[in-house]
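As a plain string of letters, each chain reads:
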Amino acid sequence: MSATIFKHEFRTKLRSVLIWSASVAFLIIFFFSLFSVFAEQAALVNQMMANFPPQMRAAFGLDKMDLATVLGYYSFIFLFVQLCLAIQAANYGVGLVSVEESELTADFLMSKPVSRTQVFVSKLLAALAALTLTNLVVWASSFIAIELFRGDFEYQPGTLLLLLLGIVLFQLCFLCVGLLISLLVRRVRSVTPYGLGLGFGAYVLNGFSGVFGDVKLEYLTPFKHFDAAAMVSERAFDAPLVLLNVAVALLALALSYWRYIRRDIPAVS
Amino acid sequence: MNIFVRELKANLKSLIIWSVIMALLILIAVSKYSAFAGDPEMLKILDSMPPAMMEAMSMNAFNLTTLSGFYGLMFIYFGLMGAIAAAMWGSEVISKEERDKTVEFSLVLPVSRSRVVTAKALAALVNCILFVLITWSISMVAVKSYNPDQAFYDFLALEMQAMLAVELVFLAVGLLLGCAMKRYKLAGSTAVAIILATYMLSIMSGMYEKLDFLKYFTPFKYYDASALFRSGKMDAGYLALSAGIIVVCVVAGYVVYNKRDLYI
């Protein structure tokens, strides 16, 4: 761990972190301000849904979604927050070490008296710190939005905390997978297509599962591992899926480290 | 012409990757459709859900038990994929020269800057058209076993035209970003911001009637699949609006790029 590298990395990310945080906070507060409209309509829905057989409701995932409650509605917004966080984390992951090569600064960095392990760890920690900053903004704006707009509706802060606690693992997974991808391809020319592809790809895969019932492939996507609707109705993490998520993240991290230590980094010619 | 051919070759890999992703998406979706095909119980449930709920899950106005209804639901994903691909191609095709430090080379060639932009834009355009055609043909193959009728093929054709229209809008926006951004890195991240923002807007505008006006700001709503399904054609007003956006972006791109200091 080198403090200089950490500071430099963190500073270069600061602008991007501020922009992401502001957009996510806006998203949460804006969407939540529509809660009252939804709550009225959704109460009607719930009455109607009660008349259908439970298997049918399960087929559409409607048994889990209840827009008439604070957390039911919040879990609906949370999906979009996750999409933003996923793209941000994937971007940071893909760019973490590849940026040195695409910007031709790898020579400079590698000639410094620090080991690659130190470089890797400092960069990783800086990215994590940057993501955590955004994470904190999500926490704060979620509580603010709920307090401002929930009206007379009650909610369980414990379950909300659970959702928010999941974010850090969710980010870590995208960060590490992005990092691994950047180290598996020969050369990353531009970060955004990879980041967008990873984030939106996982999102679309999850969207499919929500609408069309059951196919096993969804277990690949972190959006499913931290499915807010399911967590709100169960009031707990889906332990096997969360473990799977952590395992994927750690495996990707270990492989990335292994690849980076042995990587042939081209010099500027 | 040389630039055009070179760009086509350079983008081929990216086109192949996008096409593979699209093929996977369609295959997963069609395999899921088999659970819905012709099930009247499902239809009964769908009919009784209130509009806001359906809108939130972008399932409104479709009879999911028919192939057309199902493909209507898929349209938002096609549009999204097309938009991301097109915006990336549009912004990269111009800005990568500065990123890869090759801009000095391409601009000392005996061609004007406008011709460079034209050749690059045309290459990206060909990519977009190919992407739609590939999506179209994969869809045709994937649904073969359900023996769809002519009405479905007509609707598919319409959807694909709408997808192309969405792609063109984002391609033009991407081109403008690539031409106008002084720092090449900003072109990519601004494109991301625009895609995310317009996607969120399309969701917001459908959720609540007072936010309906937002639909003019998001190309994803210009060609709403349920409207396409009901009317059987693309809305002329929105077509004009898209054409306007495209023309403005492309013209602005040319003007800016001709005058701009390049990052060397």
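Remember, it's a predicted structure, so these values are computed and weren't measured experimentally.

Basis of the calculations
Residues numbered from 1 in each chain as written. Chains lettered and ligands numbered in written order. Predicted model: local features only at pLDDT ≥ 70, side-chain atom pairs only at ≥ 80, totals over all residues. Helix = DSSP H or I, 4+ residues; strand = E, 2+ residues; numbered from the N terminus. Contact = placed C-beta atoms within 7 Å. Buried ≥ 20, exposed ≤ 12 C-beta atoms within 10 Å, placed from the backbone. Axes fitted to C-alpha atoms, helices over the stretch in contact; angles between N-to-C directions. Parallel < 35°, antiparallel > 145°, perpendicular 65-115°, else oblique. Left-handed = near helix turned anticlockwise from the far one by under 90°. Nonpolar A, V, L, I, M, F, W, Y, C, P; charged D, E, K, R; others polar. pLDDT = per-residue confidence, 0-100. Core = buried A, V, L, I, M, F, W, Y, C linked by C-beta atoms within 7 Å. Expected span 1.5 Å × (residues − 1). Bend = angle between axes of the 7 residues up to and from the residue.

**Here we look at the overall build of chain A**
Looking only at helices and strands, one finds 11 helices and 0 strands in chain A. The long-range share in chain A, meaning contacts at least 24 apart out of those at least 6 apart in sequence, stands at 81%.

**Some thoughts on the overall build of chain B**
Across its full length, chain B holds 11 helices and 0 strands. For chain B, the α and β elements follow one another from N to C terminus as α-α-α-α-α-α-α-α-α-α-α. By sequence separation, contacts in chain B at least 24 residues apart represent 78% of the contacts at least 6 residues apart.

**Observations concerning unusual backbone geometry**
Here Arg 235 of chain A, not a glycine, exhibits a phi torsion of approximately 60 degrees, which is positive. Within the secondary structure, Arg 235 of chain A sits in the loop between α10 (228–234) and α11 (239–261). Taking the C-beta count within 10 Å as the criterion, Arg 235 of chain A has 11 such neighbours and is therefore assigned exposed. Notably, Lys 101 of chain B is not glycine yet its phi reads approximately 60 degrees, a positive angle. As for its placement among the helices and strands, Lys 101 of chain B is situated in the loop between α4 (67–99) and α5 (103–108). Take Lys 101 of chain B: there are 11 C-beta atoms within 10 Å of it, and that puts it in the exposed class.

**Digging into the environment of Glu 97 of chain B**
Residues and elements named next belong to chain B. Tracing the backbone shows Glu 97 in helix α4. Looking at Glu 97, the number of C-beta atoms within 10 Å reads 21, which means it is buried. Considering only alpha carbons, one finds Glu 97 and Ala 227, 130 residues apart in sequence, at a separation of 41 Å. If we ignore the near neighbours within four places in the chain, the residues touching Glu 97 are Thr 102, Val 103 and Ser 106.

**Focus on the packing of helix α4 (residues 70–102) of chain A against helix α6 (residues 116–149) of chain A**
Residues and elements named next belong to chain A. Viewed as axis vectors pointing N to C, α4 and α6 meet at an angle of 165 degrees, and their least axial separation amounts to 11 Å. One way to sum up the angle between α4 and α6 is to call them roughly antiparallel. Between α4 and α6 lies a crossing of right-handed hand. Where α4 abuts α6, its residues Val 70, Tyr 74, Val 81, Leu 85, Gln 88, Ala 89, Tyr 92, Leu 96 and Val 97 lie against Lys 123, Leu 124, Ala 127, Ala 130, Leu 131, Thr 134, Val 138 and Ile 146. Per-class residue counts for the contact of α4 with α6 are 14 nonpolar, 2 polar and 1 charged.

**Brief notes about the confidence of the model for chain A**
Across chain A, the average pLDDT comes to 85, with 86% of residues at or above 70. Per-element mean pLDDT across chain A ranges from 52 in helix α3 (residues 54–60) of chain A up to 94 in α6 of chain A.

**Examining the nonpolar core**
Counting residues in hydrophobic clusters, the biggest one holds 137 residues, and the most contacted among them are Cys 176 of chain A together with Ile 84 of chain B. It is α4 of chain A that contributes the most residues to this core, 19 residues altogether.

**Things to note about the packing of helix α1 (residues 2–33) of chain B against α4 of chain B**
Residue and element names in this part refer to chain B. At a closest axis distance of 11 Å, the pairing of α1 and α4 adopts a crossing angle of 165 degrees. On the basis of the axis angle, α1 is roughly antiparallel to α4. Crossing of α1 against α4: the hand is right-handed. Residues Glu 7, Asn 11, Trp 18, Met 22, Leu 25, Ala 29 and Tyr 33 of α1 form the contact with α4, whose own contacting residues are Phe 70, Met 74, Tyr 77, Met 81, Ala 85, Trp 89 and Val 93. In the contact of α1 with α4, the residues fall into 12 nonpolar, 1 polar and 1 charged.

**A look at the environment of Gln 82 of chain A**
Residues and elements named next belong to chain A. Residue position: Gln 82 is located in helix α4. On the basis of neighbour count, Gln 82 is assigned to the buried category, with 27 C-beta atoms found within 10 Å. Distance from Gln 82 to Phe 223, taken between C-alpha atoms, is 7.4 Å for residues 141 residues apart in sequence.

**Looking at α1 of chain B**
Residues and elements named next belong to chain B. Between its terminal C-alpha atoms α1 stretches 45 Å, which fits the 46 Å expected from 32 residues at 1.5 Å a residue. Of all the bends in α1, the greatest measures close to 40 degrees and is centred on Leu 12. By the burial criterion, the buried members of α1 are Glu 7, Asn 11, Trp 18, Met 22, Leu 25, Ile 26, Ala 29, Val 30 and Tyr 33.

**Topic: the confidence of the model for chain B**
On average, residues of chain B score 84 in pLDDT, and 88% of them reach the 70 mark or higher. When the elements of chain B are averaged for pLDDT, helix α3 (residues 51–56) of chain B gives the smallest value, 54, and helix α6 (residues 113–142) of chain B the largest, 94.

**Quick word on the environment of Val 192 of chain B**
For Val 192 of chain B, the location among the structural elements is in helix α8 (residues 184–207). The class of Val 192 of chain B is buried, set by 23 C-beta atoms lying within 10 Å. Separated by 115 residues in the primary sequence, Val 192 of chain B and Tyr 77 of chain B have C-alpha atoms spaced 16 Å apart. Leaving out residues up to four positions away in the same chain, Val 192 of chain B has contacts with Ile 87, Thr 192 and Leu 196 of chain A.

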